[in-house]
Amino acid sequence: MDEVKQGSHKNIWYGVGKQRIEIPRPVLKSVVHNNSLLSSLYIASLGFYPKAKGHLTRRRHGLHENFLFYCVDGYGWYELDGEKYEVGPNEFFVLPQNVEHAYACANHDPWSIYWVHFGGNSLPEFNNLHTVKEHFKPRHIKDNGEAGLLFNKMYKTLELGYSLDNLLFANLCLSQFLSLFIYNSRHHPASQNTKSDCVDNAILYMQEHITDMLTLKDISNYSNYSVSRFSNLFKQKTGYAPMDYFMQMKIQQACQQLDFTDKSIKEIALTLGFDDPYYFSKRFKQVTGMPPVKYRSVNKD
C-alpha cells in the first residue's frame, strides 16, 4: 500500500526514494532507557526524504523528542512558537521536544531533507544551552559531505538490527552528527566572517593576549560592547564571567609549562603576567584544587 500513497499520512511522508527507520518502542524501553550510555541522548528515528512533494505535518503537542531537520535541496517552511520561518538549501533547524510545531515543503520546489528524532534524559539541559536555542531558528551550515556520510553510518548500522553494539555505535555517532550542526563554525573555522560571535572573538583575543593582564574593560572594548552587556552575553554562552574564563585559560597555560618545562613557579607566573608569584599560586589553586608545586609533583611521570 505504501507504494501508491503520495504526500504525508500520519506524519510520515510517502514518496519515491524515502528512507526511514524508527527504533521500536519496546527496544527503546528495554535496551536504550535502561543503559546509562544510551539513555542520555539517543536516536528515536531518522530518515531522508528526497524531493518530498506533499510533505506536511502539524503536531499540536509536539514530539517527546527533539527533531533536527537538514535541508540539502529545495525549499520549505516551519512554524514554532507562533513564528513562521522559510528554509532553503544548506539550512537546518532544531525543533525542541513537547512544543507545538508545523512544517511543509514548498510546492514549487519541494525540499530534500535529512532528519533525526533524538531523545534522552539530557534533552532539557541540551535545549537550555544558548547555542542550541540559537538553532531553533534556521541557520546556514557549511558541509563538506561529512553530515551525509555520518547519517549513512547511523542509518546503515541500524538497518542491521538493534543489537547493543549497533545501538551504541549509532548513538555515539549521533553526538558527532549534532556537533556538525550546532557547532558548525568549530568544524569549519574558515567559514567565520565579520558577523562571527562576539564571545568567540573575545576568547580568541584572550588567547592572543594570554601573557597580558587584560581587564574586563579591555575585553569589552575590543568586542564593542558595554562592560555589563558583554559580561551578560559572555556568561550566557560560556557559563563563566569573562575574567574567570580568562584566568582559567592562563592556568591552563601554566599547567602546560609545569608539565613540559623546568621553569620555576616564579618564572611561569611572570610569563603569564603575574608580578606576584604568591597571588599566582592562590589563583592556580582556586582553579585546579592544588598549588602549582603539588600539581607538578603529582603529574610527574
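Residues numbered from 1 in each chain as written. Predicted model: local features only at pLDDT ≥ 70, side-chain atom pairs only at ≥ 80, totals over all residues. Heavy atoms only, no water.

The chain goes by AraC family transcriptional regulator in an unreviewed UniProt entry, where it is assigned to Niabella ginsengisoli.

Visitor: What exactly am I supposed to notice about the overall build of the chain here?
Guide: Helix and strand counts for the chain stand at 14 helices and 12 strands. Projected onto its principal axes, the C-alpha coordinates of the chain cover approximately 80 × 45 × 35 Å. Within the span of the chain, comprising 301 residues, buried residues form 45% of the whole. Sequence separation of 24 or more characterises 71% of the internal contacts of the chain that already satisfy a separation of 6 or more. About 16,600 Å² of surface is accessible on the chain, with carbon and sulfur atoms providing 50% of the total. Separation of charge centres in the chain, based on 33 positive and 30 negative side chains, amounts to 4 Å. (Helix = DSSP H or I, 4+ residues; strand = E, 2+ residues; numbered from the N terminus. Buried < 20%, exposed > 50% of the residue type's maximum accessible area, 1.4 Å probe, protein only. Contact = heavy atoms within 4.5 Å. Areas by Shrake-Rupley, 256 points an atom, 1.4 Å probe, with all protein chains shown as cover. Lys, Arg positive; Asp, Glu negative; His and termini not counted. Charge placed at Lys NZ, Arg CZ, Asp CG, Glu CD.)

Visitor: Is there a simple way to explain the nonpolar core in this structure?
Guide: For soluble globular proteins, nonpolar side chains are generally found buried alongside one another. Core analysis: the largest hydrophobic core is formed by 56 residues, its most contacted members being Leu46, Leu68, Trp111, Phe118, Phe177 and Phe181. At 9 residues, the largest contribution of residues to this core is made by helix H6 (residues 164-182). With residues near it in sequence (within four places) discarded, phenylalanine 181 still touches Leu68, Tyr70, Phe92, His135, Ile141 and Ala147. Core analysis: the second largest hydrophobic core is formed by 27 residues, Phe234, Ile251, Ala269 and Phe280 among them. (Core = buried A, V, L, I, M, F, W, Y, C linked by side-chain atoms within 4.5 Å.)

Visitor: I tried to follow the layout of surface pockets on my own but got confused; where do I start?
Guide: To locate leftover empty space, one rolls a probe as large as a water molecule over the atoms. In this structure, the second largest pocket occupies an estimated 500 Å³ of space. Arg186, Asp200, Ile203, Thr238 and Tyr245 are the residues nearest the centre of the second largest pocket, which is lined by 20 residues in total. Counting only elements with at least two residues in the lining of the second largest pocket, the list comes to helix H4 (130-133), helix H7 (184-187), helix H8 (198-208), helix H10 (227-238) and helix H11 (242-260). Residues belonging to the lining of the second largest pocket are distributed by class as follows: 8 nonpolar, 9 polar and 3 charged. (1 Å grid on protein atoms, 1.4 Å probe; cavity = no way out; pocket = protein on both sides within 12 Å on 5 of 7 lines; lining within 4 Å. Points joined across faces, edges and corners; volume = space filled by probe spheres on them. Nonpolar A, V, L, I, M, F, W, Y, C, P; charged D, E, K, R; others polar.)

Visitor: Looking at this structure, how should I read the packing of H8 against H11?
Guide: Each pair of packed helices can be summarised by the angle the axes make with each other and by the distance between the axes. It is at 10 Å that the axes of H8 and H11 come closest, and there the two elements cross at 45°. By the angle class used here, H8 and H11 are oblique. By crossing handedness, the relation of H8 to H11 is classed as right-handed. In this structure, H8 contributes Ile203, Met206 and Gln207 to the contact, and H11 contributes Pro242, Tyr245, Phe246 and Met249. Looking at the contact of H8 with H11, its residues break down into 6 nonpolar, 1 polar and no charged. (Axes fitted to C-alpha atoms, helices over the stretch in contact; angles between N-to-C directions. Parallel < 35°, antiparallel > 145°, perpendicular 65-115°, else oblique. Left-handed = near helix turned anticlockwise from the far one by under 90°.)

Visitor: Sorry if this is basic, but what is going on with H10 here?
Guide: Within an α-helix, residues lying three or four positions from one another point in the same direction, as the helix has 3.6 residues per turn. Here H10 spans 16 Å end to end across 12 residues, near enough to the 16 Å set by a 1.5 Å rise per residue. Looking at H10, one finds that the buried residues are Phe230, Ser231, Leu233 and Phe234. Buried positions in H10, seen along its axis, are confined to an arc of 165° and lie on one side of it. Close packing links the buried residues of H10 with H8, helix H9 (216-222) and H11. (Expected span 1.5 Å × (residues − 1). Arc of directions from axis to C-beta.)

Visitor: Just checking my understanding: could you explain the UniProt feature "domain: HTH araC/xylS-type" (unreviewed entry) in the chain for this structure?
Guide: Summarizing the sequence annotation, UniProt attributes the feature "domain: HTH araC/xylS-type" (unreviewed entry) to residues 200-298 in the numbering used throughout. Spanning residues 200-298, this segment combines 74% helix with 0% strand, and its end C-alpha atoms are found 33 Å apart. (UniProt positions renumbered as here; feature names shortened; annotations may be inferred.)

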